[in-house]
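Each chain, letter by letter, is given below.
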Amino acid sequence: MNTLRTLDALLSVKKVLKKEGTITVIEGDHGSSYFYPRSDEAMQAIKCLIDIQELLGGNSLIGREIYPLLNRAGFKNVNVSPRMVYVDSSKPDLVEGFTKNTFTAMVEGVREQALELKMIDEKKRGIKVLATFTGLQGKKARFVIPFFKGTAIK
């Protein structure tokens with residue numbers, strides 16, 4: 001969702017909240033994801049996701065904008081804090097459910113568009129590297145992505 005649509009959505013929610021009602025907003029930030037061991041190819045694949053979402057009118061970095069958006073919508077007592085999703089091989093449910101089936105699936109979902117737009121080519125192994133990594137092959141691999149949780153009062 002882009003910034004203006006998000007602001008419109010917040011204003012709509014504010015209209016239906018009772019006086020002193022609260023709102024909680026949680027959004028991610030794909031551009032702040034990182035993993036170990038690092039791979040420039042996988043980072044390029046993630047950048048394709050961010051760039052294509054922007055081309056389509058979205059904003060995969062919207063988590064960074066929660067604080068100013070809640071303020072612009074006129075909410076009071078705005079508080080935003082980062083929440084990290086940390087995944088390693090000791091968390092097989094997160095490896096499968098979040099890292100592989102959610103995050104990597106989103107990156108893989110823009111593959112054809114990224115190829116058409118020449119953001120990446122078949123010879124680049126970024127998506128394959130990311131998919132292999134997110135299977136957390138080996139005990140050293142780690143994946144982290146921040147989400148931002150914002151709370152406020154009408």
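This text follows the structure it describes.
The text that follows walks through the structure, step by step, so that each part is easy to find. The model shown is predicted, which means the values in this text are computed figures rather than measured ones.

**Some words on the overall build of the chain**
Scanning the chain for helices and strands turns up six helices and four strands. When the helices and strands of the chain are placed in sequence order, the string is α-β-β-α-α-β-α-α-α-β. Put simply, of all contacts in the chain between residues at least 6 apart along the chain, 83% involve residues at least 24 apart. When the accessible surface of the chain is totalled, it reaches about 9,000 Å², and 55% of it is carbon and sulfur.

**Concerning the packing of helix 2 (residues 40-55) against helix 4 (residues 92-109)**
Close contact between helix 2 and helix 4 brings their axes to 8 Å; oriented N to C, the two are set at 75°. As far as their axial angle goes, helix 4 and helix 2 are roughly perpendicular. Of the residues in helix 4, those in contact with Ala-45, Ile-46 and Leu-49 of helix 2 are Phe-103, Met-106 and Val-107. A breakdown of the residues in the contact of helix 2 with helix 4 according to their chemical character gives six nonpolar, no polar and no charged.

**Side note on the pattern of salt bridges**
Scanning all chains against the criterion turns up four salt bridges. Across the salt bridge formed by Asp-29 and Arg-64, the nearest N and O atoms sit 2.4 Å from each other. Of this pair, Asp-29 sits in the loop between strand 1 (22-28) and strand 2 (34-36) while Arg-64 sits in the loop between helix 2 and helix 3 (66-72), placing them 35 residues apart in sequence. Where Glu-112 meets Arg-111, a salt bridge forms, and the shortest distance between an N and an O atom there is 2.7 Å. Glu-112 sits in the partly exposed class, given a relative accessible area of 48%.

Reading guide: rules and limits
Residues numbered from 1 in each chain as written. Predicted model: local features only at pLDDT ≥ 70, side-chain atom pairs only at ≥ 80, totals over all residues. Heavy atoms only, no water. Helix = DSSP H or I, 4+ residues; strand = E, 2+ residues; numbered from the N terminus. Contact = heavy atoms within 4.5 Å. Areas by Shrake-Rupley, 256 points an atom, 1.4 Å probe, with all protein chains shown as cover. Axes fitted to C-alpha atoms, helices over the stretch in contact; angles between N-to-C directions. Parallel < 35°, antiparallel > 145°, perpendicular 65-115°, else oblique. Nonpolar A, V, L, I, M, F, W, Y, C, P; charged D, E, K, R; others polar. Salt bridge = Lys/Arg side-chain N within 4 Å of Asp/Glu carboxyl O. Buried < 20%, exposed > 50% of the residue type's maximum accessible area, 1.4 Å probe, protein only.

Honestly, it's all geometry; don't read function into it.
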